[in-house]
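A look at the structure
In case you want the letters, here they are:
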Amino acid sequence: MLPILVGCQNRSIINDLDFLNYSNNPKKITETRTFSNSKNAVGKDEKVNKSVSIFYFTKDGFLTKVELYTLSRNESIDEKNTDEIYKYNSSNKSKRYFKNITGGSGMISAEGYLEKISDSLYIRVLESKIFNTSNEKLFYFDKDNRIKKTEHTGVLYNNIELNSVEHFTYTNNLLTQVSSEDFVTQTKSKTIIKNRKLDKKSNPIYEELYDENDSLKQKVERIFEYY
């Protein structure tokens, strides 16, 4: 059951940099994830062993665009067309709209919004324009504007049901662990962040992600370009 909106007063707005737990006003972030054993983000064996996400921000920390790429073992980002683009409209910062565009074709494949429910709760709604499906994600924040929990529900293509929760653990204001529970598959998992390196503005430029069995899942590298 979703919370009911009753005349929410916008005392403050959490910008997209806070959502991502970054700081110090970057204008562009290039994030490269390298998957172990040529597995992608959902654990399927594929030729893809890297994903690249490029985030663009306004000076006040709101997203304008995200470009998504997937790369095979021998490709570089210069050789790969964009897979997806997210374009954001943050003119109404308490309800920020976005579109998902399929790379190459320019077709809008999904639309959605991120809306403030209260100072500690936001909801993201995404509706597919191809499969007639939708999903919703609730974001719960602590007093320091850090995500402490998410709840994800809905249906994906092929009638894949979503019903999961994630809990976030921080040390010295940096994310160190994510504990997940999938109520559809009745499974639990953990992602533990190790070997983090920070740049001079305290943003993470390198991280390694391990599972609960201490097996390396991903290596994450980021390049921050600041205003």
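Scroll up for the structure.
What comes next is a walk through the structure.

In this structure the tally under the stated criterion is 14 salt bridges. The closest approach of N and O atoms between Lys65 and Glu67, which form a salt bridge, is 3.1 Å. We classify Lys65 as partly exposed; its relative accessible area is 26%. Of the residues examined, Glu67 reaches a relative accessible area of 11% and is grouped as buried. For the salt bridge of Arg146 with Asp142, the shortest nitrogen-to-oxygen distance reads 2.9 Å. The network of salt bridges with shared partners includes Glu31, Arg33, Arg196, Glu207 and Arg222.

As a further point, take the pairing of strand 13 (residues 204-210). In terms of residue burial, strand 13 counts as a mostly covered element, since six of its seven residues are buried. The antiparallel hairpin formed by strand 12 (residues 187-198) and strand 13 contains five residues in its connecting segment, where Ser202 sits at a positive phi of about 70°. Pairing of strand 13 with strand 14 (residues 216-226), which is carried by five bridges, proceeds in the antiparallel orientation. The residue bridging Tyr206 from the neighbouring strand is Glu221, located in strand 14. Connecting strand 13 to the antiparallel partner strand 14 that follows it, the hairpin turn spans five residues, and Asp214 within it adopts a positive phi of roughly 65°.

For strand 7 (residues 121-128) and strand 8 (residues 134-141), the ladder comprises seven bridges, and the chain directions are antiparallel. Bridging from a neighbouring strand, Leu126 pairs with Asn135 of strand 8. Between strand 7 and strand 8, which follow one another and run antiparallel, lie five residues, and Asn132 among them has a positive phi close to 55°. Here strand 8 runs beside strand 9 (residues 147-155); their pairing, made up of seven bridges, is antiparallel. The partner of Leu138 across the bridge, within strand 9, is Glu151. Counting the residues in the hairpin turn of strand 8 and strand 9 gives five residues, including Asn145, whose phi is positive at 65°.

Rules of the game
Residues numbered from 1 in each chain as written. Predicted model: local features only at pLDDT ≥ 70, side-chain atom pairs only at ≥ 80, totals over all residues. Heavy atoms only, no water. Salt bridge = Lys/Arg side-chain N within 4 Å of Asp/Glu carboxyl O. Buried < 20%, exposed > 50% of the residue type's maximum accessible area, 1.4 Å probe, protein only. Helix = DSSP H or I, 4+ residues; strand = E, 2+ residues; numbered from the N terminus. Pairing = 2+ DSSP bridges.

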